[in-house]
Amino acid sequence: MEGSRGELRVLQINLDRGRLATDLLHQEIREGSVDVVLGLEPGGQGNFVRDRCDDSFIWLAPGVGVQSIHRDRGFVAAELDGITLVSAYFSPNKTTAEFSAWLGRLEEYVRGRDSRRVFIAGDLNAKSGRFGSVVGNAYGRVLEEFLEATALIPINTGGEWTFSNRMGSSLIDVTMAGDKVASRVRMWKVENERESGSCHRYFTYRIKPRGEIEVAENVREWEKAKGWKLSERGLE
C-alpha cells in the first residue's frame, strides 16, 4: 500500500466538519492515493482514530504498521516506523492562556518520546512568521515558544495560504518535525488545484523510510561515544 521505495504518502486536511469534504476524503482513500491522513475537525463517520474531543484524527491504510496509539484532548498520535505522527487541533475561540496550557500538555507528550522523531500536523489557528505567515497573532507567539522548547522544525515556510473563506485568507495549518523526521520529508506541497470541499487546502507530502543514511549516522554517533577513531574504521 505504501508508495514507491516504501515511502509513506501523507495527506493533511481540516475537513471543517463538512459532508462534502468528508466525502471527497473518502474518495481519496478509496482511490488508494494515500497511506496516512492527518486530519482535523472530522465530519460524519469514518474509520478514523480520533482524539478524545473529536477534533483531530489519523487514518492509516491497511498494511501500515502501528506500534501504539495515544489519544488526548485536541491531539492524537500514532507511532510507526521510527516516527511519532501527531494530528492536532486548537480552536480560535479560546484564550491565549488556554492555548498555552494545551501546548504545554502537547510539549509534555513530545518530551516523553524521542522528540527528534516527532512529526506534528495541525490547525492550531496560530499565525507565525516561522511558518511563512506575513502576520502574527498571540497564538503564534506561544507556538514560537513551543518550537524553541521542543527544537521542532517548521516544514511549511513558503507563505502559501492554507485557509480561505469570505472573510479572507490566512496561513493557520502547520507542519513541524524533529530533525530526524524533517530530513525524511519530501515533496511537501499545498494542493492549490485540488478540490477539498473545505475552507482548508489539502497538503500532501511523502516521508521516506529509515534508510542507510540514518543507520550510518547512528553508527557514527555510537562510535564517537566509544571514543574510537572513525577514520581508522573506514567511516570518515
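Data block above holds the structure.
Parameters and conventions
- Each chain carries its own residue numbering, running from 1 in the direction its sequence is written.
- Per-residue local features of the predicted model are confined to residues with pLDDT of at least 70, and side-chain atom pairs are confined, for both listing and counting, to 80 or more; whole-chain, interface and lining totals are unaffected and use all residues.
- Heavy atoms from the whole structure form the basis of all side-chain values; hydrogens and water molecules are not counted.
- Under the DSSP-based scheme used, a helix requires at least four consecutive residues in state H or I and a strand at least two consecutive residues in state E, with every element numbered from the N terminus.
- For the area figures, the Shrake-Rupley method with a 1.4 Å probe applies, and any residue is considered shielded solely by the protein chains shown.
- Exposed residues in this analysis have more than 50% of their type's maximum accessible area, buried residues have under 20%, and partly exposed residues fall in between, with area computed by a 1.4 Å probe over protein chains only.
- Whether two strands pair depends on DSSP finding at least two bridges between them.
- Orient the strands so they point away from the viewer; a crossover is then right-handed if the path from the first strand over the helix to the second runs clockwise.
- Throughout, a contact is declared for two residues whenever any of their heavy atoms are within 4.5 Å.
- Convention adopted: a line fitted to C-alpha atoms gives each axis, helices being fitted over their contacting stretch, and angles between N-to-C directions are expressed from 0 to 180 degrees.
- Angles are sorted into four bins: roughly parallel if under 35 degrees, roughly antiparallel if over 145, roughly perpendicular if 65 to 115, and oblique for all others.
- Should the near helix be turned counterclockwise from the far one by less than a right angle, the crossing is left-handed, whereas a clockwise turn marks it as right-handed.
- Nonpolar cores are built from buried Ala, Val, Leu, Ile, Met, Phe, Trp, Tyr and Cys residues. Side-chain atoms within 4.5 Å join them into one set.

Asker: Residue-level account of the overall build of the chain, with values.
Answerer: Secondary structure summary: the chain contains five helices and 14 strands in total. Of the roughly 11600 Å² that the chain leaves accessible, carbon and sulfur atoms contribute 47%.

Asker: Account for the pairing of strand S8 (residues 118–123), with residues named and values stated.
Answerer: Of all six residues in S8, six are buried, a share of seventy percent or more. The two faces of S8 match: Val-118, Ile-120 and Gly-122 on one face and Phe-119, Ala-121 and Asp-123 on the other face are all buried. In this sheet, S8 lies alongside strand S7 (residues 83–89) in parallel orientation, the contact comprising six bridges. Considered in S8, the bridge of Ser-87 is made with Ala-121. At this point the chain moves from S7, through helix H2 (residues 96–111), to the parallel S8, and the crossover so formed is right-handed. Bridge analysis of S8 against strand S12 (residues 173–177) gives five bridges, and the strand direction is antiparallel. The residue bridging Gly-122 from the neighbouring strand is Val-174, located in S12.

Asker: Could you give an account of the sheet that holds strand S4 (residues 56–60), naming the residues involved and the relevant values?
Answerer: Spatially, six strands are ordered S3-S4-S2-S1-S14-S13 in an open sheet, and the strand pairing comes out mixed. The outermost strands of the open sheet, each flanked by one partner alone, are strand S3 (49–50) and strand S13 (185–191). Strand direction decides the pairing type here: strand S1 (residues 8–14) and strand S14 (residues 202–207), joined by five bridges, are antiparallel. Considered in S14, the bridge of Leu-8 is made with Ile-207. Packed on one face of the sheet, helix H1 (residues 19–30) meets S1, strand S2 (36–40), S4 and S14 and runs near 25° to S14.

Asker: Summarise the pairing of S12; cite the residues concerned and give the values.
Answerer: As a general feature of sheets, a regular strand has side chains that alternate between the two faces. Burial of S12 is extensive: five of the five residues sit out of reach of the surface. Of the two faces of S12, both are covered, the one formed by Asp-173, Thr-175 and Ala-177 as well as the one formed by Val-174 and Met-176. Strand direction decides the pairing type here: strand S9 (residues 153–154) and S12, joined by two bridges, are antiparallel. Counterpart to Pro-154 in the pairing with S12 is Met-176.

Asker: Account for unusual backbone geometry, naming residues and giving values.
Answerer: At Arg-17, a residue that is not glycine, the phi angle is positive and equals roughly 55°. Among the secondary structure elements, Arg-17 is positioned in the loop between S1 and H1. On the accessibility criterion, Arg-17 (38% relative accessible area) is partly exposed. Notably, Glu-41 is not glycine yet its phi reads approximately 40°, a positive angle. Along the polypeptide, Glu-41 turns up in the loop between S2 and S3. What makes Glu-41 buried here is its relative accessible area of 13%.

Asker: Give a description of the packing of H2 against helix H3 (residues 138–150) that names residues and reports values.
Answerer: Running from N to C, H2 and H3 cross one another at 20°; their axes reach a closest spacing of 10 Å. One finds that H2 runs roughly parallel with respect to H3. Relative to H3, H2 is oriented so that their crossing is right-handed. Of the residues in H3, those in contact with Thr-96, Phe-99, Ser-100, Leu-103, Leu-106, Glu-107, Val-110 and Arg-111 of H2 are Ala-138, Tyr-139, Val-142, Leu-143, Phe-146, Ala-149 and Thr-150.

Asker: Break down the environment of Gly-82 for me, with residues and values.
Answerer: Along the polypeptide, Gly-82 turns up in the loop between strand S6 (75–80) and S7. The spacing of Gly-82 and Pro-209 is 127 residues in sequence and 8.6 Å in space, taken between C-alpha atoms. With sequence-adjacent residues up to four places away left out, Gly-82 is seen in contact with Arg-117, Arg-184 and Arg-210.

Asker: So what's going on with the nonpolar core? Residues and values would help.
Answerer: Generally speaking, soluble globular proteins have nonpolar side chains that are buried together. Counting 38 residues, the largest nonpolar core has Val-37, Leu-38 and Phe-119 as its most contacted members. In contact with Leu-38, other than residues within four places in its own chain, are Val-10, Leu-11, Gln-12, Ile-13, Phe-57, Ile-58, Leu-85, Ser-87, Phe-119, Ala-121 and Tyr-205.

Asker: Give me the lowdown on the sheet that holds strand S5 (residues 68–71), citing residues and values where you can.
Answerer: With mixed pairing, the six strands of this open sheet are ordered in space as S5-S6-S7-S8-S12-S9. Taken across any chain shown, the strands that pair with only one partner, and hence form the sheet edges, are S5 and S9. Across six bridges, the pairing between S6 and S7 is antiparallel. Paired with Val-76 across the strands is Ser-87, a residue of S7. Contacting S5, S6, S7 and S8, H2 runs over the sheet at an angle of about 10° to S6.

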